[in-house]
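Tertiary structure, described
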Amino acid sequence: GSFLRINRDEPVPADMVLLTCSNEDGVAYVDTVQLDGESSLKPKFALEETMRITETKELLTLHGHLDTEPPNQLVQSFSGTLYLQGFPRGVPIDAKSFLL
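Counting from 1, residues in each chain are numbered in the order their sequence is written. With pLDDT at 70 or above as the cut-off, local features in this predicted model cover only qualifying residues; side-chain atom pairs require 80 or more to be listed or tallied, and sums for whole chains, interfaces and linings still use all residues. Processing note: side-chain calculations cover all non-hydrogen atoms of the structure and skip hydrogens and water entirely.

**Structural notes on the pattern of salt bridges**
Inclusion rule: Whenever Lys or Arg places a side-chain nitrogen within 4 Å of a carboxyl oxygen from Asp or Glu, that contact is recorded as a salt bridge. The cut-offs for exposure are 20% and 50% of the maximum accessible area for each residue type, with area from a 1.4 Å probe on protein chains only; residues under the lower value are buried, those over the upper are exposed, and the others partly exposed.
In the structure shown here, the tally under the stated rule is one salt bridge. A salt bridge links Lys96 to Asp94; its shortest N-O distance comes to 4.0 Å. Under the relative-accessibility criterion, Asp94 is labelled partly exposed at 33%.

Okay, here's the thing in structure tokens:
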């Protein structure tokens, strides 16, 4: 996988997991109008295990893999597990941390 930096008002170019964001509380607000027709911003949450990472160099030290459910048409649900080197267990990922 790749790490992508997305700035305010930029489109999300691919399905991805939110590892960190500029808000200290780890919440990013995403416009999903093209997916579900709703114009209100949806909160998405950076993973607790990675949300405090602020430096690109630190992100680049992360190694691991993501196991996910097969692709499907459901835009409101997602299930996966992120396995990071140095973490004793997999990190569960759901739709709250997944960007489409």
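**Describing unusual backbone geometry**
Selection criterion: Going along the chain from the N terminus, every DSSP run of H or I of four or more residues is numbered as a helix, and every run of E of two or more is numbered as a strand.
The phi dihedral of Asp9 falls on the positive side, at around 70°, and the residue is not glycine. Positionally, Asp9 belongs in the segment before β1 (16–17). Relative accessible area serves as the criterion here: at 76%, Asp9 is assigned to the exposed category.

**Some thoughts on the sheet that holds strand β6 (residues 91–94)**
Quick note on the threshold: For two strands to be treated as a pair, DSSP must find at least two bridges joining them. Convention adopted: a line fitted to C-alpha atoms gives each axis, helices being fitted over their contacting stretch, and angles between N-to-C directions are expressed from 0 to 180 degrees.
Taken in spatial order, the three strands of this open sheet run β4-β5-β6, and their pairing is antiparallel. The open sheet is flanked by β4 (64–68) and β6, the only strands paired with a single partner. The mean inter-strand angle of the sheet, taken between neighbouring strand axes irrespective of direction, is 25°. Summarising the sheet, strand β5 (residues 79–84) and β6 pair through four bridges and their orientation is antiparallel. By the bridge assignment, Leu82 is partnered in β6 with Val91.

**Focus: the packing of aromatic side chains**
Counted only if it meets this: To pair, rings of Phe, Tyr and Trp, with the six-membered ring standing in for Trp, must have centres within 6.5 Å; the planes then decide the type, stacked if under 30 degrees apart, edge-to-face if over 60, and tilted in the middle.
This model, assessed by the stated rule, comprises one aromatic pair. Arranged with centres 3.8 Å apart and planes meeting at 5°, the rings of Phe78 and Phe98 form a pair that is stacked. Of this pair, Phe78 sits in the loop between β4 and β5 while Phe98 sits in strand β7 (residues 98–99); the two residues are 20 residues apart in sequence, bridging distant segments of the chain. Residue class for Phe98 comes out buried when judged on its relative accessible area of 12%.

**Concerning the environment of Asp67**
Worth spelling out the cut-off: Whether two residues are in contact is decided by their heavy atoms, any of which lying within 4.5 Å being enough.
Turning to its location among the elements, Asp67 is positioned in strand β4. C-alpha separation for the pair Asp67 and Gln34, spaced 33 residues apart in sequence, amounts to 26 Å. Residues in contact with Asp67, not counting those within four places in the same chain, are Gly80, Thr81 and Tyr83.

What is shown is where atoms sit, not what they do.
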